[in-house]
Amino acid sequence: MGLKIWLNGKLVEREEAKVSVFDHGLLYGDGVFEGIRSYNGKVFRLDAHVRRLFDSANGIRLAIPMTPKETADAIVATLQANSLKDSYIRIVVTRGEGTLGLDPNRCPHPQVFIITDKISLYPQELYENGLEIITAATMRNHPNAVNPRLKSLNYLNNILAKIEAIDAGTLEAVMLNHLGYVAECTGDNLFIVRDGRLFTPPIAAGILEGITRDEILAIAHDLGIEVREENLTRQDLYVSDECFLTGTAAEVIPVVRIDKRTVGSGKPGPITKRLAEEFHRRTRA
Ligand code: PXG
């Protein structure tokens, strides 16, 4: 039995899951998506992901042809149809087929599809020893261009920074915003620890309001760790005691080198480990 894809209300075989070459999602990156995970058959923070999908769609004036409840049910149905317990789920809503030319009003039928897949994280060794990252020269999208809060299908901004990371022999890159402050990485939010306090850029720095980020903020609060959402510079990263990244795919991954500067002891720090352990416990609970 092959992989089943949810496409516009039906579960179809992978080979039959097709969209048009005239789809504006493909032609212009005109659409939105979510990356979600399930742990032991249960979807992690499904309502938050569905809400963000609808918020992103609203931001680009795209009417999703389903209710949030129907969307959540379709995600669960796709997971069950594929008998997956621990998986990565991608839901995509494109503007749909239209004419050549930007006008979204000529695309009457948004396309919705849901793909489930096995999850691929960073190599285990990096969770134990930490990741090396660089700062990209490519800056994060200006909030008045395509706001980074929108999880749009247009990821070129992040892909350009990812290319810089790979060229530098690393797997992730920090992107700065239009003011020169730290925004986020290409597919993850960023945190640092200094003197026992946790710092992360505010949403207003022009970042995705990460659901893993949100979970870490809640965990820190529950553990009594002081948190500050503040603008950070590259120097703040260099002098931090600990640094880590958060994302649906990556979960919590320690960073030990930034632009060739060693972070703290050069090993994953104690607060990072505590937060990661608690995150792990909550996702598997
Ligand atoms: N920032 C950006 C720019 C992201 O794309 C995150 C932060 C983390 O958000 P969540 O809600 O996941 O905690 C993301 C999301 C991938 C992949 O295939 C990862 C993301 C998006 C798209 C693809 O690794 N991360």
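Residues numbered from 1 in each chain as written. Predicted model: local features only at pLDDT ≥ 70, side-chain atom pairs only at ≥ 80, totals over all residues. Heavy atoms only, no water.

### A look at the domain arrangement of the chain
Step number 1: Segmenting the chain into domains produces domain 1 (4-117) and domain 2 (124-284).
Step number 2: Across the contact, 25 residues belong to domain 1 and 19 residues belong to domain 2.
Step number 3: Roughly 1700 Å² is buried in total at the junction of domain 1 and domain 2, and carbon and sulfur atoms are behind 63% of that figure.
Step number 4: Counting across the interface, domain 1 meets domain 2 through three salt bridges.
Step number 5: Put simply, Arg37 and Glu251 hold a salt bridge, and the shortest N to O gap is 3.4 Å.
Step number 6: Linking domain 1 with domain 2 are 10 residue pairs in polar contact (both at pLDDT 80 or more).
Step number 7: Residue assignment for the side of domain 1 that touches domain 2 shows that the elements contributing at least two residues are helix H1 (24-28), strand S3 (31-39), helix H2 (46-59) and strand S5 (87-94).
Step number 8: Tallying contributions element by element places S3 first for the side of domain 1 that touches domain 2, with eight residues.
Step number 9: Here the residues of the side of domain 1 that touches domain 2 sort into 11 nonpolar, eight polar and six charged. (Domains from an automatic or database assignment. Contact = heavy atoms within 4.5 Å. Buried area = accessible area lost by both parts, 1.4 Å probe. Salt bridge = Lys/Arg side-chain N within 4 Å of Asp/Glu carboxyl O. Polar contact = N/O pair within 3.5 Å; in protein donor to acceptor, adjacent residues only side chain to side chain. Helix = DSSP H or I, 4+ residues; strand = E, 2+ residues; numbered from the N terminus. Nonpolar A, V, L, I, M, F, W, Y, C, P; charged D, E, K, R; others polar.)

### Structural notes on the packing of aromatic side chains
Step number 1: Tallying each qualifying case throughout the model produces four aromatic pairs.
Step number 2: Three or more aromatic residues joined by ring pairs make a cluster, and in this case those are Tyr39, Phe44 and Phe279.
Step number 3: Arg261 extends its terminal NZ or CZ atom over the ring of Tyr238, reaching a point 4.0 Å from the ring centre. (Phe/Tyr/Trp six-rings, centres within 6.5 Å; stacked < 30°, edge-to-face > 60°. Lys NZ or Arg CZ within 6 Å of the ring centre and 35° of its normal.)

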